[in-house]
Amino acid sequence: MSKVADLQKAQQAITHPGSGLFLGVELLGAIDKALAVPGPAGNPGTIRERAKEYAETAKAYAKASTDLGSVADKELPNAWTGSVAQNATQSIKALANELTVSQKTLEQASTQLNAWADALEAARNTDAQGITALENIQKSLGHDAFDVGKAIAAIDPANTAVGTRIAAAQAAESSGTRTASLLNQLAAKARTERAGQGTVDPLAALVMANEKGPGGNEDGDYILSANQLDRAEQALSVMGGADQLAFQQLVSGAKSPEEAAYLWKALAAGHSIPDIQQFAAQIHPHGDDPVWLSDHLVPALGSDPAQQESTTSQVGLTYKGTVILGNRQIYDQGGYNDCVAASTVVAGLKLDPVTMLQVTTGNMPDVPGADSPQYFQQRLQQLYLGQYKQGQLANGNEKVYPDDTGGIGPKGNTFLADQNLGKATGSTYEYVNLSTDDDRRTAVARIEKAVDEGKPVPFCTTGKAGAHQMVIVARDGDRLQVYNPWGHSEWVTEDQFIHSQMNAGGITNDEEMNTPYGAELPK
C-alpha cells in the first residue's frame, strides 16, 4: 500500500476506535499506526544540487549552440561553395539544433527539480507538524488511557493531525509523480543518440533526427519520432546486402534531408524496399519542397502553435487549407458509426507516409487535381469504411455490411490497433478497462510512455449520446493531445482524463462524451 493509503487506514481507525473502557487504548494503537508510516522520502538539498548542475550544463550547451550557428550561417558559407558547403551547413545546423534541444531539456529538468525540491520541503514540514501533534496527543492520553471522556475529546485533534500527514503525503506523491512524468518525457528527446547507434553514419543520423516539417518549433514536430528512428535502424540492420544498398542509394539521391527523412519513415512503418522505391519515385520530383512533402505525407493533427496547451479550444484539421467540405469537417468519419476505424486510421497515417500518399494523391501525385480535397476526402472515407468492415468481422459481427449501428467491440478495437498502429510501431496492443479514476490514473503512466515514443493510444469514452472512440497522439507535460474522428483535435489535461471531464473544452461538442472507459495500450 502507498503511504497515503496506510495513513488513511490509520485515520479510519482513529475516527472509529470503538467504545467502552478500552476506547483510549484502541485510539493509542491507531495513533501508533499513523506514526509508524514514514514521512515523505527524499532530500530537497540533494535535488537542488542536481538542478544546479543541470542549469550550469545548459549554459554551456547554449554557448556551444550559438557558436556553431554562427559558423553555419556566416563563416562556413564564405569558406566553401556548392553542394559541399550546403551539406556541411546542414550538418552543423543540425548539431547546433541538437545542442539547443539539449540546453532547453536541461533547463526544463532544472526548473522541475527545483519545483520538486520546494514541494518536497513543504510536504516534509507539513508532515512534521502532523507528527508533532500526534505525538503530543499520544503523550497526553498515555497517562489517562482509561479516561473515556479524555479519549473521546482526543479523537478530533488526532483526526486533524493524521489528516495533516495525509495532505503532506499526497502533495509529495503528486509532485514526485509530476516530476517523474516530465523527466520521462524529456528523456524521450534523446533522439540523435538513438539514431546514431546503428549502421548509419553518426553525422547523417544527426541531420535525419533533427528534420522537422514546415513550421516545426525548436523541440517538436519532428518528421521521425524516436521510436521510428529505432525501428528504421533495426529494419536496415537485418536487411540483405542488396536491399541495404538499394535503400542507401535512395537516401543518397534525396533532394533534401526532409525527403530522406520520409524515406526512413517509410522504412520504419514496415514497408518493403520495392514499396519504398515506388514511394521514392513518386515524391522525388517534390523532394526539395518541404511544404508539399508535409501536406501530402503527414495528416495535419497538430493544433495551432498559439493553442498548444489550450484546454478550451478544439482545432479543425485541415487538408490543403480546407477545413469543411460538404458540410462536414475534412477528416470527419461521416455518417457511419465507424469512429474506431476512423481514429485508428488517421493515427496510423501519422506514422505511415506511404499510405498517406495513396490517400492524398491516389498514388498519382503529378496528375493535376488528383490531390484535391474532394478526392482526398473520398479516399479517406473509403479507407474508414474498409477498416470498419474488417474490425466488425474481427469482432465476430457477421451482419450484412455496412452495419451502421453495430459499431466495433473490444476484439475489433484491438485488431485495428494492431493492424494500423502495431505494424508501424513494433508494438502489440491490448484492451485495458478504465472503469474507475484509479484505473485511469494507472493508465496515464502507460499512455505517457507510449505517446512519448510516438505510439498513439486509442481510447473509448461514453456519455449521454452513447460510446465513442478517440485517440491520444501526443502530450505536452500534463496535457494530452486528443484527435476526435469528427475532424478536430484538442489538448486536455491528465486530470480531465482521469476524472471524466473529457469534454471540458468541447471536444465532443454537445454530446459530452466525458468518461473514458477503455483504452488500447501498447504492451
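A few points on the structure. Treat the numbers as computed from the prediction; the structure is a model and nothing was measured. Going along each chain's sequence as written, the residues are numbered from 1 onward. Under the rules for a predicted model, residues below a pLDDT of 70 receive no local features and side-chain atom pairs below 80 are neither given nor counted, while totals for whole chains, interfaces and linings still include all residues. The basis for the side-chain values is all heavy atoms of the structure; hydrogens and waters are excluded.

**Some points on the pattern of salt bridges**
Consideration 1: In the sections that follow, a salt bridge refers to a side-chain nitrogen of Lys or Arg positioned within 4 Å of a carboxyl oxygen of Asp or Glu. Taken as a whole and judged by the stated rule, the model has 15 salt bridges.
Consideration 2: Between K150 and D144 there is a salt bridge, and its shortest N-O distance comes to 2.9 Å.
Consideration 3: When a residue's accessible area, from a 1.4 Å probe over protein chains only, is under 20% of the maximum for its type it is buried; when over 50% it is exposed; and in between it is partly exposed. For K150, a relative accessible area of 30% gives the class partly exposed.
Consideration 4: Salt-bridge contacts for R446 lead to E430; the nearest nitrogen and oxygen are separated by 2.9 Å. Taken together, the residues span a long stretch of sequence, with R446 in helix α17 (residues 437–452) and E430 in strand β4 (residues 429–433) at a distance of 16 residues.
Consideration 5: Owing to a relative accessible area of 32%, R446 belongs among the partly exposed residues under this scheme.
Consideration 6: If you follow the salt bridges from partner to partner, you end up with R48, D118 and E121 in one network. Strands here mean DSSP runs of E at least two residues long; helices mean DSSP runs of H or I at least four residues long; both are numbered from the N terminus.

**Digging into the sheet that holds strand β9 (residues 515–522)**
Consideration 1: Ordered by their spatial adjacency, seven strands build an open sheet running β1-β8-β7-β6-β5-β9-β4, and the pairing between neighbours is antiparallel. One side of each edge strand has no neighbouring strand; the edge strands of this open sheet are β1 (315–316) and β4.
Consideration 2: Taken together, the two bridges between β1 and strand β8 (residues 488–493) define a ladder with antiparallel strand orientation. Bridge pairing links V315 to S489 in β8. Pairing between strands requires that DSSP locate at least two bridges from one strand to the other.

**A look at unusual backbone geometry**
It is generally the case that most residues other than glycine have a negative phi and that most peptide bonds are trans.
Consideration 1: Even without being glycine, N363 reaches a positive phi, approximately 60°.
Consideration 2: Along the chain, N363 turns up in the loop between α14 (353–361) and α15 (373–394).
Consideration 3: Looking at N363, the relative accessible area reads 31%, which means it is partly exposed.
Consideration 4: A positive phi angle is found at E512, which is not glycine, with a value near 55°.

**Re the environment of A269**
Consideration 1: Among the secondary structure elements, A269 is positioned in the loop between α10 (257–268) and α11 (273–283).
Consideration 2: Along the chain, A269 and G348 lie 79 residues apart, while their C-alpha atoms are 9.3 Å from each other.

**Here's the deal with the packing of aromatic side chains**
Consideration 1: Classification of ring pairs uses Phe, Tyr and Trp, with its six-membered ring standing for Trp, and accepts pairs whose centres are within 6.5 Å; under 30 degrees between planes counts as stacked, over 60 as edge-to-face, and the remaining range as tilted. Going through the model one piece at a time under the given rule, you end up with five aromatic pairs.
Consideration 2: Seen from their ring centres, Y319 and F376 are 4.1 Å apart, and the 20° between their planes marks the pair as stacked. In this pair, Y319 sits in the loop between β1 and β2 (324–325) while F376 sits in helix α15, placing the two residues 57 residues apart along the sequence. Considered together, Y319 and F376 belong to a single accessibility category, that of buried residues.
Consideration 3: Centroid distance F459 to F497: 5.5 Å. Interplanar angle 75°. Geometry classified as edge-to-face. One end of the pair, F459, is in strand β5 (residues 457–463); the other, F497, is in helix α18 (residues 494–498), with 38 residues separating them in the sequence.

**Some thoughts on helix α2 (residues 23–36)**
Consideration 1: One less than the residue count of a helix, multiplied by 1.5 Å, gives the span that helix is expected to have. Here α2 is 14 residues long and its end C-alpha atoms lie 20 Å apart, about the 20 Å a rise of 1.5 Å per residue gives.
Consideration 2: All of the buried residues along α2 are L23, G24, L27, L28, A30, I31 and A34. Buried residues of α2, seen end-on, are gathered within an arc of 160° and therefore sit on one face of the element. For α2, the exposed residues set more than 90 degrees away from the buried face come down to K33 and A36. Throughout, the arc means the angular range of directions from the helix axis out to the C-beta atoms.

**Considerations on a nonpolar patch on the surface**
Consideration 1: Patches were defined on residues exceeding 30% relative accessible area and lacking a salt bridge, with like-charge contacts within 9 Å and nonpolar side-chain contacts (Val, Leu, Ile, Met, Phe, Trp, Tyr) within 5 Å. A 1.4 Å probe and the Shrake-Rupley method give the accessible areas. Residues count as covered only by the protein chains that appear here. A contiguous nonpolar surface patch, about 400 Å² in accessible area, is contributed by L21, F22, V25 and F146.
Consideration 2: With respect to the secondary-structure elements, F146 resides in the loop between α4 (82–142) and α5 (148–187).
Consideration 3: In this structure F146 comes out as partly exposed when scored by relative accessible area, which is 48%.

**Some details on the environment of Q481**
Consideration 1: Within the secondary structure, Q481 is located in strand β7 (residues 479–484).
Consideration 2: Between the alpha carbons of Q481 and V492 there is a distance of 6.4 Å; along the sequence they are eleven residues apart.

**Considerations on the pairing of β8**
Consideration 1: Counting buried positions along β8 yields six of six residues, so the element is predominantly enclosed.
Consideration 2: The two faces of β8 match: H488, E490 and V492 on one face and S489, W491 and T493 on the other face are all buried.
Consideration 3: Note: β7 against β8, six bridges, orientation antiparallel. Note that in β8 the partner of N484 across the bridge is H488.
Consideration 4: Hairpin connection of β7 to β8: three residues between the antiparallel strands, including G487 at a positive phi of 110°.

**As for the packing of helix α9 (residues 241–252) against α11**
A pair of packed helices is captured by two measures, namely the crossing angle of their axes and the spacing between those axes.
Consideration 1: In contact at an axis separation of 10 Å, α9 and α11 are set at 15° when each is read in the N-to-C sense. In terms of axis orientation, α9 runs roughly parallel to α11. Handedness of the α9/α11 crossing: left-handed. Along the contact surface, α9 presents D243, A246, F247 and L250, while α11 presents I273, I276, Q277 and A280.
Consideration 2: Lys, Arg, Asp and Glu make up the charged group, whereas Ala, Val, Leu, Ile, Met, Phe, Trp, Tyr, Cys and Pro make up the nonpolar group; the residues left over, Gly among them, are polar. Classifying every residue of the contact of α9 with α11 by side-chain character gives six nonpolar, one polar and one charged. With axes taken as lines fitted to C-alpha atoms, and helix axes fitted only over the stretch in contact, angles between N-to-C directions fall between 0 and 180 degrees. Each angle is binned into one of four classes, with values under 35 degrees roughly parallel, values over 145 roughly antiparallel, values of 65 to 115 roughly perpendicular, and all other values oblique. Should the near helix be turned anticlockwise from the far one by less than a right angle, the crossing is left-handed, and should it be turned clockwise, the crossing is right-handed. Here, two residues are considered to be in contact whenever any of their heavy atoms come within 4.5 Å of each other.

**Observations regarding the pairing of strand β6 (residues 466–476)**
Consideration 1: Alignment of β5 against β6, held across seven bridges, turns out to be antiparallel. Paired with G463 across the bridge in β6 is G466.
Consideration 2: In this antiparallel pair of consecutive strands, β5 and β6, the connection spans two residues.
Consideration 3: Relative to β7, β6 runs antiparallel, the two being bridged by five bridges. Paired with A474 across the two strands is Q481, which belongs to β7.
Consideration 4: Between β6 and β7, which pair antiparallel and follow one another directly, the connecting turn spans two residues, one of which, G477, has a positive phi of 65°.

**Quick word on the side chain of T322**
Consideration 1: Tracing the backbone through its elements, the reader meets T322 in the loop between β1 and β2.
Consideration 2: Taking relative accessible area as the criterion, T322 reaches 17% and is therefore assigned buried.
Consideration 3: For T322, the residues in contact, after removing those within four places along its chain, are L317, I330 and P373.

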